[in-house]
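Below, each chain spelled out in residue letters.
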Amino acid sequence: MSEQGGGPANKNRRGDATRVVNAGRRPEWTAGIVNPPVWRASTILYDNVADLRAAGRDTHHRLFYGRKGTPTQWSLADALTELEPGAEGTFLYCSGVAAIAGALLSVLSPGDELLMVDTAYDPSRSMAMGLLKRMGITTRFYDPMIGAVIADLIGDRTRAILIEAPGSLTFEVPDLPAIIAAAKARSVVTLLDNTWATPLFLPAIAMGIDLSILACTKYIVGHSDAMLGSVTAGPGHFAALRDTAFQLGQIASPDDCWLGSRGLRTLALRLGQHQASALEIAHWLKTRPEVARVFHPALPDCPGHAHFLRDFKGSSGLFAFELNGGTDKARAALIDGLALFGIGYSWGGFESLALPVDPQRYRTATTPDFNGPLVRLSIGLEDPADLIADLAAGLERFRAG
């Protein structure tokens, strides 16, 4: 893992677009180039033994060995730190799942208990029931709408709470301040998967979250061409995150970090378009008789909408809708015939995606009740009128099926 840490003081008064354009672009790393170039390295050469030994005493933002990073990685890490007011530092990982694992392993030990939201990303659940279980770490799942009542679940062995805001697939928005307050009262670490909102729409560290996780593969990269993850640490949590990453030998490719830095520069612009298009399409879907419900945090009937209005600065392009009855075959007909929506995993790129989802297969603490199958949409940067026309034809296929 490249060694990254706290960069320059956060310029909190600057606008989001200004911050994402300028963050992490230190002159010593750019050397006059607009975006920091790709530094690839394994072995670093020294003039003499004394220099080699001196380099090992402090490897922070200094070339030491490729696994400790180069300016390519340091630049992106510092940029992400600058986007989180109050953050201590950021580490980069080879994927979002690796970032989740690195964050959890930095705070959990055998015998500990983790509280994980029932709407968690499926790989997070798999990690809890696989790797963590084999390590002797217990996981209990909780209702995303539990709020302050989560205090009743915190026991003597509880060390961490993993949150998603909003939840995967059904987009419930938890009461973050209530959960954070309950955790801090018992010295329990809070981890938030903040991929949907990014720090631009939800400044997690400023809210009191201890570790903010991003699957940078999504909106940070923004072009569906790199795997990347990050964890940004609040005060007092960076050292454990760094040490765990070093001990696991984690490293994010400098080429992928360069793609992350390039994507970051247009993040504010892209998120604005994703937001506007997704809201237009979500409101249109609510008018269709084939649609029973639309799961979008910015809509009043979405669970936790009041929390969304209070805590978030905006919404992104990922949401889901429930079909009004129908079969899996009819849902497949809707999706298979779409011309502008790809069928595939991930999201956050410039292209729109549609995916059949079945949340009931993954929930244990809650019992979802659906009248029809669900479809998740990632709204890209196409003209929303064209996407609506494509979905309208799909809903006609669904009705015929």
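See the structure above.
Since we're looking at a predicted model, the values are computed, not measured.

Calculation notes
- Residues numbered from 1 in each chain as written.
- Predicted model: local features only at pLDDT ≥ 70, side-chain atom pairs only at ≥ 80, totals over all residues.
- Heavy atoms only, no water.
- Salt bridge = Lys/Arg side-chain N within 4 Å of Asp/Glu carboxyl O.
- Helix = DSSP H or I, 4+ residues; strand = E, 2+ residues; numbered from the N terminus.
- Buried < 20%, exposed > 50% of the residue type's maximum accessible area, 1.4 Å probe, protein only.
- Expected span 1.5 Å × (residues − 1).
- Polar contact = N/O pair within 3.5 Å; in protein donor to acceptor, adjacent residues only side chain to side chain.
- Pairing = 2+ DSSP bridges.
- Axes fitted to C-alpha atoms, helices over the stretch in contact; angles between N-to-C directions.
- Phe/Tyr/Trp six-rings, centres within 6.5 Å; stacked < 30°, edge-to-face > 60°.

Participant: Is there a simple way to explain the pattern of salt bridges in this structure?
Facilitator: Working definition: two side chains of opposite charge can pair if their charged atoms are close together. Under the criterion given, the structure shown has 20 salt bridges. Of the charged contacts in the structure, one is a salt bridge between Asp210 and Lys184, with a shortest N-O distance of 3.6 Å. A residue pair is termed long-range when its members are at least 10 positions apart, and Asp210 in the loop between helix H9 (204–207) and strand E6 (211–214) and Lys184 in helix H7 (residues 176–185) qualify at 26 residues. The exposure class of Lys184 is partly exposed, given its relative accessible area of 48%. With a closest N to O distance of 2.9 Å, Asp301 and Lys286 form a salt bridge. Taken as a pair, Asp301 in the loop between strand E8 (291–295) and helix H13 (305–311) and Lys286 in helix H12 (residues 267–286) lie far apart in primary sequence, 15 residues in all. The exposure class of Asp301 is partly exposed, given its relative accessible area of 46%. Here Lys286 falls in the partly exposed class, since its relative accessible area comes to 40%. Several salt bridges share partner residues, and in doing so they unite Arg288, Glu290, Glu396 and Arg399 into one network.

Participant: Honestly, helix H15 (residues 384–400) in this entry has me stumped. Any pointers?
Facilitator: Structural remark: α-helix, 3.6 residues per turn; residues separated by three or four positions point the same way. The terminal C-alpha atoms of H15 lie 24 Å apart, and with 17 residues this matches the ideal 24 Å at 1.5 Å per residue to within 8%. Looking only at H15, the buried set comprises Pro384, Leu387, Ile388, Asp390, Leu391, Ala392, Gly394, Leu395 and Phe398. Two to three positions downstream of the cap, the backbone nitrogen of Ala385 sits 2.9 Å from a side-chain oxygen, assigning the N-cap of H15 to Asp383.

Participant: Explain the sheet that holds strand E4 (residues 158–164) here, please?
Facilitator: In any sheet, the strands associate via hydrogen bonds between backbone groups, in a parallel or an antiparallel arrangement. Pairing is mixed across the open sheet formed by seven strands, whose spatial order is E1-E7-E6-E5-E4-E2-E3. Both outer strands of the open sheet, strand E1 (89–93) and strand E3 (138–142), are each paired with one neighbouring strand and no more. Neighbour to neighbour, the strand axes of the sheet diverge by 20° on average, direction disregarded. Of the strand pairs in this sheet, E4 and strand E5 (residues 189–193) are connected by five bridges, and their pairing is parallel.

Participant: How should the packing of aromatic side chains be read in this particular structure?
Facilitator: Each aromatic ring pair is described using two quantities: the centre-to-centre distance and the angle formed by the ring planes. Within this structure, the stated rule accounts for eight aromatic pairs. With 6.5 Å between their ring centres and 70° between their planes, Trp196 and Phe308 make a pair best called edge-to-face. Residue Trp196 is found in the loop between E5 and helix H8 (198–201), and its partner Phe308 is found in helix H13; the two are separated by 112 residues along the sequence. Each member of the pair, Trp196 as well as Phe308, carries the same accessibility label: buried. With a centroid separation of 5.5 Å and an interplanar angle of 70°, the aromatic rings of Tyr219 and Trp347 are classed as edge-to-face. In this pair, Tyr219 sits in the loop between E6 and strand E7 (229–233) while Trp347 sits in the loop between strand E10 (341–342) and strand E11 (352–357), placing the two residues 128 residues apart along the sequence.

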